[in-house]
Amino acid sequence: MNNCTSIFKIFIIFSYLFHGLLAKNNYYLISIRRSSNDKEYDKESITTQIAINRVVNDIMNDIYEIIEKHKETYALKDAYLSDEVVKIIKRLPNIISCKISKRTVALRSIENNNNVLSNKYYNSEDILKETKWKGLEIQENQFNDETLAYSHLSLISQGQYKYTENSNYTYDNNYYFPSTAGKGIDLYVIDSGLKINFHEADFDTYKNTPDERIITCDGRIENGEFNPVFKMEDCLIESLDDDEHGTLVSIAAIGKINGVAKKANLHMLATDYGDFDDLTALDYIKQHATPHKTVVNISRGCDYGIECYSQDIQNKITELINYGIIIIVSAGNTYKSNCIGQIYTSCEGVIPIGAISNNYIYDLGMEDVYEPAISTSYGECVTLFAPGTIRVSREGTNEIIETVSGTSFSSAITAGVVATIMSENSNINYTFYSMREKLIDLSLKDVIRDLDKNTPNRFLNNGKQIVYQSSKSDELSDELSDKLSDELSDVLSDEFLD
């Protein structure tokens, strides 16, 4: 039974000077219920909300008196309350729980690479017939078997690639997607923040066109407090080591050049790693999101080897899914099963995503990528797998800006596919249950090698499963051929002059 509707959550910050020693801040989550008859706070009348607020304020005053009276019992190094104080607080009337907040981490691993061939050969009518999309767009991408640029897009828009020895054909690296491309769908990202200038082309808003969209930073959340952001350069949690993580996750989900849902709206919530910060972010989404038109991506979780499940997070997720919000989460980079005691993968109502290894290939060409990424988490809670490596490429060139790997990005890629499904089927009010079923139905089954037997063997697909292969004789594009011709002319000129 869902009992979260009658619980009011607050955050307490402890910051004391102990005889000249400044203790590190720690945060506690305290759940308070005024009456078992109270409904969800946001749905109560103004009169009842005022009554709840009065009870909360009275209890808060009692708690601070207890804290002051017992401060000599603190663990001074980290400013933790003693077990004795926590027990006293729990015995207060109307207190449901009192526990220390936990920290999450970004689920990312990084590597760097560089540089880039071409393809064609597809039948638009056949694709539209198979997918039943209203319209088709194709991002034609050159294929390079060393960098695998754009493979995170091409892999999700075709069936399994099969290697054929001595074949005259090569892998089709195009990305095929519905022309609605996430239009009208809001994608909220709870992460470290947003740097638009990292690659501005990916954050194109298509201003003054029919596809104009919103790219915004709704707010910054630290210490459980929400602060609106008025300048995009302020959309960062500067205390985090990996401040580009949120930008790269956003690019994978909605980037015009390197992303899946190229017309979706982006709402960044720059959020620190406390579960109280995530609670504030999730509550903000509940207050502002449009039901059945919103996807949330959360690419973070417990630190390696640590259990940090939160019932408060579960309760808030339950509220969101009942409201018609779809939540995609990364499975984790723990190298093991990751379904027990985790802040997100253990929650009901989310869609956890693992990663395959599209960061390099061996003897079987692109067939090699259908295996779990070396760091991906797995387990029965993982709904499906998606490409785990993206290579952010500069617009109009083959230059790779950055290569990043981790389930953070397989999750974001899946969130992008969810946005395209919702925009393409705008007449359907998708819920967590129906969207999960849709993703499973579209997925490629049993194509991932060497996967744990207790983990569902499903690979993300956006609805197009026809496999094309371009002729190796047509592999070089006109642009590249011209470039090689120019380089050859330069070499011959140098030889002649010598």
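Here the structure is a predicted model, which means the values were calculated and not measured.

Participant: Before we go on, may I ask you to explain the overall build of the chain in this structure?
Facilitator: Across its full length, the chain holds ten helices and 24 strands. For the chain, the residues scored as buried account for 57% of the 498 residues in total. Accessible surface, the chain as shown: approximately 22,100 Å² in total, 47% of it carbon and sulfur.

Participant: Help me understand the confidence of the model for the chain in this model?
Facilitator: Detailed conclusions should not be drawn from predicted coordinates in areas where pLDDT is low. In the predicted model, the chain carries a mean pLDDT of 84, and the fraction of residues at 70 or more is 83%. When the criterion is pLDDT under 50, residues 491-498 qualifies, and its contacts beyond four places in sequence or with other chains add up to zero contacts.

Participant: Could you clarify how one ought to interpret the packing of helix 5 (residues 245-254) against helix 8 (residues 407-424) in this entry?
Facilitator: Any two packed helices are characterised by the angle at which their axes cross and by the distance between the axes. Running from amino to carboxyl end, helix 5 crosses helix 8 at an angle of 40°, the nearest separation of the two axes being 7 Å. As the angle between them shows, helix 5 and helix 8 are arranged oblique. Regarding helix 5 and helix 8, the two cross each other, and that crossing is right-handed. Between helix 5, through H245, L248, V249, A252 and A253, and helix 8, the contact on the second element is made entirely by S408, F409, A412, I413 and G416. Here the residues of the contact of helix 5 with helix 8 sort into seven nonpolar, three polar and no charged.

Participant: How do you make sense of empty space enclosed by the protein when you look at a structure like this?
Facilitator: Gaps between atoms show up when a probe of the same size as a water molecule is rolled over them. If you add up the space inside the second largest cavity, you get close to 40 Å³. Lining the second largest cavity are twelve residues, and of these R300, G301, S330, N338 and T345 sit closest to its centre. Grouping the constituent residues of the lining of the second largest cavity by class yields five nonpolar, six polar and one charged.

Participant: Help me understand the state of the cysteines, please; the structure alone is not making it clear to me.
Facilitator: By definition, a disulfide links the sulfur atoms of two cysteine residues through a covalent bond. Counted by the stated rule, this structure contains three disulfides. There is a disulfide in this structure between C217 and C235, and the S-S distance comes to 2.1 Å. Between C217 and C235, the disulfide has an S-S torsion of 80° and is therefore right-handed. Note that C217 is positioned in strand 12 (residues 215-222) and C235 in the loop between strand 13 (225-228) and helix 5, a separation of 18 residues in sequence. The exposure class assigned to C235 is buried, which follows from its relative accessible area of 0%. A sulfur-sulfur separation of 2.1 Å characterises the disulfide bridge that pairs C339 with C381. Between C339 and C381 the disulfide shows an S-S torsion of about -80°. By sign, it is left-handed. Of this pair, C339 sits in the loop between strand 17 (326-330) and strand 18 (351-356) while C381 is found in the loop between strand 18 and strand 19 (384-387), placing the two residues 42 residues apart along the sequence. Taken as a pair, C339 and C381 share a single burial class, namely buried. Note on C347: no disulfide assigned, nearest cysteine sulfur contributed by C302 at a separation of 9.2 Å.

Participant: Can you help me understand the packing of helix 8 against helix 9 (residues 432-442) in this one?
Facilitator: One can describe the packing of helix 8 onto helix 9 by two numbers: an axis separation of 11 Å at closest approach and a directional angle of 105°. As the angle between them shows, helix 8 and helix 9 are arranged roughly perpendicular. Taken together, the residues of helix 9 that come into contact with helix 8 (itself represented by T414, V417, V418, I421 and M422) are M435, K438, L439 and L442. Residues of the contact of helix 8 with helix 9, tallied by class, amount to seven nonpolar, one polar and one charged.

Participant: I keep staring at the pattern of salt bridges and nothing clicks. Help me out?
Facilitator: A side chain with one charge can pair with a side chain of the opposite charge if their charged atoms come near. According to the stated counting rule, one finds twelve salt bridges in the structure shown. Of the charged contacts, one joins K263 and D211 as a salt bridge, the two residues approaching to 3.5 Å between their closest N and O atoms. Highlighted residues: K263 in the loop between helix 5 and strand 14 (265-271) and D211 in the loop between strand 11 (186-191) and strand 12, separated in sequence by 52 residues. Looking at K263, the relative accessible area reads 11%, which means it is buried. What makes D211 partly exposed here is its relative accessible area of 24%. With a closest N to O distance of 3.4 Å, E222 and R220 form a salt bridge. What you see here is one network of salt bridges that share partners, running through E137, K183, D211 and K263.

Participant: I would appreciate a short explanation of helix 6 (residues 275-288) in the present structure.
Facilitator: Along an α-helix, residues three or four apart share an orientation, since each turn contains 3.6 residues. Relative to the 20 Å expected for 14 residues at 1.5 Å per residue, helix 6 spans 20 Å between its end C-alpha atoms, a close match to the ideal helical length. Summarising burial for helix 6: eleven of the 14 residues are buried, a large majority. Among the residues making up helix 6, those that are buried are D275, F276, D277, D278, L279, T280, A281, L282, Y284, I285 and K286.

Participant: Quick question: what am I supposed to make of the packing of aromatic side chains here?
Facilitator: What the rule picks out here adds up to nine aromatic pairs. Aromatic pair Y176 and Y468: ring centres 6.3 Å apart, planes at 45°, arrangement tilted. Residue Y176 is located in strand 10 (residues 175-178), and its partner Y468 is located in the loop between strand 23 (458-459) and strand 24 (469-471); the two are separated by 292 residues in the primary sequence. Classification of Y468 by relative accessible area gives buried; the value is 13%. A centroid spacing of 4.8 Å and a plane angle of 65° characterise the contact between F432 and Y433, whose relative ring orientation is edge-to-face. Against the face of F177 rests K262, its NZ or CZ located 5.8 Å from the ring centre. Lying across the ring of Y176, K464 places its NZ or CZ 4.3 Å from the centre.

Participant: I tried to follow a nonpolar patch on the surface on my own but got confused; where do I start?
Facilitator: Taken together, the side chains of Y304, Y335 and I374 make up a nonpolar region of the molecular surface, amounting to roughly 410 Å² of accessible area. As for its placement among the helices and strands, I374 is situated in the loop between strand 18 and strand 19. Given a relative accessible area of 74%, I374 falls into the exposed group.

Procedures and definitions
Residues numbered from 1 in each chain as written. Predicted model: local features only at pLDDT ≥ 70, side-chain atom pairs only at ≥ 80, totals over all residues. Heavy atoms only, no water. Helix = DSSP H or I, 4+ residues; strand = E, 2+ residues; numbered from the N terminus. Buried < 20%, exposed > 50% of the residue type's maximum accessible area, 1.4 Å probe, protein only. Areas by Shrake-Rupley, 256 points an atom, 1.4 Å probe, with all protein chains shown as cover. pLDDT = per-residue confidence, 0-100. Contact = heavy atoms within 4.5 Å. Axes fitted to C-alpha atoms, helices over the stretch in contact; angles between N-to-C directions. Parallel < 35°, antiparallel > 145°, perpendicular 65-115°, else oblique. Left-handed = near helix turned anticlockwise from the far one by under 90°. Nonpolar A, V, L, I, M, F, W, Y, C, P; charged D, E, K, R; others polar. 1 Å grid on protein atoms, 1.4 Å probe; cavity = no way out; pocket = protein on both sides within 12 Å on 5 of 7 lines; lining within 4 Å. Points joined across faces, edges and corners; volume = space filled by probe spheres on them. Disulfide = S-S within 2.5 Å. Salt bridge = Lys/Arg side-chain N within 4 Å of Asp/Glu carboxyl O. Expected span 1.5 Å × (residues − 1). Phe/Tyr/Trp six-rings, centres within 6.5 Å; stacked < 30°, edge-to-face > 60°. Lys NZ or Arg CZ within 6 Å of the ring centre and 35° of its normal. Patch = residues over 30% accessible without salt bridge, like charges linked within 9 Å, V, L, I, M, F, W, Y side chains within 5 Å.

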